[in-house]
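Here's the letter readout for the chains.
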Amino acid sequence: MQNTVKVSVCMITYGHEKYIHQAIEGVLMQECDFEIELIIANDSSPDQTDKVIEEILRSNPKASKIKYFKQEKNIGMMPNFIFALKQCSGTYIALCEGDDYWTDSLKLQKQVDFLENNLDYVVCYHDCSVVDQFNNFKVKSFLQSYKSDYNENDLKKGAWLPTLTRCFRNVIKEFPSFYDKVNCGDLFLTSFLGSCGKAKYLDFNGACYREHSGGVWSKIDEDLKTKKMISDYRYFCDFYKNQDKEIYKFYKNSLNKSFLKDFKAGLSIGNMFSNLKKFKFYYLAFLFWVIKNKIKSIF
């Protein structure tokens, strides 16, 4: 039987019992002239997330659009995300995690209309707001001055497209073996899409990104975020080394600049030796970099 699903909405969730109902309703309220499916992958949440989803499956008249998967044990955010993506059968994929939500009932119709008529674009996205755990606005326009179209190389370099606002062609059938180990899976996804087309900004605000203490990224301090990004940039370097020299050079230079920046930060915090334990990773990395690239070329 021919697949009639036009858009698969990929929703991963873990510990979202307070928010998952709003996330699901934001998808089911979509007004479209095409078929959609909602793929929910629950990574064995320890709270009542499963109970909330099951109640929606029993009571919502549009529940037939939902395909619900509950992992028997916790497998981690990225493996769960990859699992969910593999369940998506639609021509297009849209993303919305279980603690975010959509506010525009025509969001998917607008995005699909654009992609159907512009074959050189692989993804489109829009603005969103930032709210707290009680739906109070923290930021009305998340993108502010970042409302841009991007070419293929921009995407490969990790252009910033808010996860919950993007709708893209279902063109990635296989992921690199390291993909389940990265920290910023949406950044890599953006980069992968760069091999298939451009990105278009559509001028509307149609979603809310939620910041709360239980959020995977919200609760991480800046030092740890930096370390995670450095780790991901190493994967980028390995991935593009034999594929695209320009993009490889971009990530390699970005990685070196990150090392240098953090090394200088360590020097500025009083006595170097008193901070050696905290910054020894950066000192050693910096010294290795200096030797490899010749100190004269840095300065």
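Residues numbered from 1 in each chain as written. Predicted model: local features only at pLDDT ≥ 70, side-chain atom pairs only at ≥ 80, totals over all residues. Heavy atoms only, no water.

A. Looking closely at the overall build of the chain. Each helix and strand counted, the chain has ten helices and nine strands in total. Roughly 15500 Å² of accessible area belongs to the chain as shown, and the carbon and sulfur atoms make up 52% of that amount. (Helix = DSSP H or I, 4+ residues; strand = E, 2+ residues; numbered from the N terminus. Areas by Shrake-Rupley, 256 points an atom, 1.4 Å probe, with all protein chains shown as cover.)

B. Highlighting the pairing of strand β9 (residues 198-210). Across two bridges, strand β5 (residues 101-102) lies against β9 in antiparallel orientation. Within β9, the residue paired with tyrosine 101 across the bridge is cysteine 208. Sheet topology places strand β6 (residues 121-131) next to β9; eight bridges connect them, and they run parallel. Along β9, the bridge assignment pairs serine 129 with cysteine 208. (Pairing = 2+ DSSP bridges.)

C. Quick look at the environment of aspartate 186. By secondary structure assignment, the location of aspartate 186 is in helix α6 (residues 185-193). Under the relative-accessibility criterion, aspartate 186 is labelled partly exposed at 29%. Sequence spacing of aspartate 186 and proline 162 is 24 residues, and the spatial spacing of their C-alpha atoms is 8.6 Å. If we ignore the near neighbours within four places in the chain, the residues touching aspartate 186 are Thr163 and Arg166. (Buried < 20%, exposed > 50% of the residue type's maximum accessible area, 1.4 Å probe, protein only. Contact = heavy atoms within 4.5 Å.)

D. The arrangement of the packing of aromatic side chains in detail. Going through the model one piece at a time under the given rule, you end up with 24 aromatic pairs. The interplanar angle of 5 degrees and the centroid separation of 6.1 Å between the aromatic rings of tyrosine 240 and tyrosine 251 together place this pair among those described as stacked. Taken as a pair, tyrosine 240 in helix α7 (residues 222-240) and tyrosine 251 in helix α8 (residues 245-267) lie far apart in primary sequence, eleven residues in all. Exposure remark for tyrosine 240: the relative accessible area of 1% places this residue in the buried category. Every member of this aromatic cluster is reached through a ring pair, and the members are Phe175, Phe178, Tyr179, Phe188, Phe192, Tyr233, Tyr235, Phe236, Phe239, Tyr240, Phe250 and Tyr251. Directly above the aromatic system of tryptophan 102 lies the positively charged group of lysine 107, at a separation of 4.6 Å from the ring centroid. (Phe/Tyr/Trp six-rings, centres within 6.5 Å; stacked < 30°, edge-to-face > 60°. Lys NZ or Arg CZ within 6 Å of the ring centre and 35° of its normal.)

E. Inspection of the pattern of salt bridges at higher detail. What the rule picks out here adds up to 13 salt bridges. For lysine 138, the salt bridge goes to glutamate 211, with nearest N and O atoms at 2.9 Å. With a gap of 73 residues between them, lysine 138 in strand β7 (residues 137-139) and glutamate 211 in the loop between β9 and α7 connect regions that are remote in the sequence. With a shortest N-O distance of 3.5 Å, lysine 181 and aspartate 180 are connected by a salt bridge. (Salt bridge = Lys/Arg side-chain N within 4 Å of Asp/Glu carboxyl O.)

F. View of unusual backbone geometry. Look at serine 44: it is not a glycine, yet its phi comes out positive at around 55 degrees. Judged by its relative accessible area of 22%, serine 44 falls in the partly exposed class. At asparagine 135, a position not held by glycine, the phi torsion is positive, near 70 degrees. By the element assignment, asparagine 135 lies in the loop between β6 and β7.

G. Structural context of the side chain of aspartate 47. By the element assignment, aspartate 47 lies in the loop between β2 (35-42) and α2 (49-59). For the buried aspartate 47, which has no salt bridge, the nearest side chain bearing the opposite charge is lysine 18, at an N-O separation of 8.3 Å. In this structure the side chain of aspartate 47 is engaged in a polar contact, spanning 2.8 Å, whose partner is the side chain of threonine 49. With sequence-adjacent residues up to four places away left out, aspartate 47 is seen in contact with Gly15, His16 and Glu17. (Lys, Arg positive; Asp, Glu negative; His and termini not counted. Polar contact = N/O pair within 3.5 Å; in protein donor to acceptor, adjacent residues only side chain to side chain.)

Shape descriptors only; they carry no functional weight alone.
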